[in-house]
Amino acid sequence: MALLTILTYPDPRLHTVAKPVAVVDERIRQLIADMTETMYDAKGIGLAATQVDVHERVIVIDVSEEHNQPLALINPVIEWASSDRIKGEEGCLSVPGIYDGVERAHQVRVSALDPDGQPITIEAEGLESICLQHEIDHLQGKVFVEHLSFLKRTRIRSKILKAQRESQR
Ligand code: NI
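Our subject in this report is the structure included herewith. (Residues numbered from 1 in each chain as written. Predicted model: local features only at pLDDT ≥ 70, side-chain atom pairs only at ≥ 80, totals over all residues. Heavy atoms only, no water.)

1. Describing unusual backbone geometry
Here is step 1: Between Tyr-9 and the following residue, Pro-10, the backbone shows a cis peptide bond with an omega angle of 5°.
Here is step 2: Mapped onto the elements, Pro-10 comes out in the segment before helix H1 (26–41).
Here is step 3: Not every positive phi belongs to a glycine, and Asn-75 is a case in point at roughly 50°.
Here is step 4: The topology assignment puts Asn-75 in strand E3 (residues 71–81). (Helix = DSSP H or I, 4+ residues; strand = E, 2+ residues; numbered from the N terminus.)

Here it is, written out as structure tokens:
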């Protein structure tokens, strides 16, 4: 396994729309293994392939308290979302140090393929639902800060760019 480099907002590659995975093979299973290791190493609860500069529809999440229940989804599609909304404080491994409230569907039903290429359906609510929507957004080239106001997004962008400049000194 290998740790992958996570792209940092506002890297334009984060806005790439991922392509569906055509064949679930060893290459995809290796990508999932590497993404899972990278997510745990970075202490995240979700990671989309887009964030490691692979533009194919693959996400991994683990919202368990023990961080021992990884879930990998290939070609995930939100089949249904509740009209019932929930607002959670979100962060993102691609937007280090920034947390803000985003309103999303409280419950979702997601269909996908598992790492064996078998169809699966996930019914999720609360944190898991938020996490799935956040990661599937990444595959559409959307970072959570794009749910925030333009003013907040501008502030976040300049804060991160400033931190990057300072770390390069
Ligand atoms: Ni994210």
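2. Here we look at the coordination of the nickel ion
Here is step 1: Those donors, Cys-92 (SG), His-134 (NE2) and His-138 (NE2), are the protein atoms that reach the nickel ion, and they lie 2.1 to 2.2 Å from it.
Here is step 2: All donor residues of the nickel ion come from one chain, and their arrangement in sequence is C-x41-H-x3-H. Note that His-134 and His-138 are positioned in helix H2 (residues 126–139) at a spacing of four residues, about one turn of the helix.
Here is step 3: Judged by its relative accessible area of 6%, His-134 is buried. (Donors = N, O, S within 2.8 Å, 3.2 Å for Na, K, Ca; no water. Buried < 20%, exposed > 50% of the residue type's maximum accessible area, 1.4 Å probe, protein only.)

3. Some remarks on H1
Here is step 1: In this model H1 runs 22 Å from its N-terminal to its C-terminal C-alpha over 16 residues, within 8% of the 22 Å that 1.5 Å per residue would give.
Here is step 2: Backbone geometry just downstream of H1 places Lys-43 in the positive-phi region, at approximately 60°. (Expected span 1.5 Å × (residues − 1).)

Any functional reading would require information beyond the geometric quantities listed.
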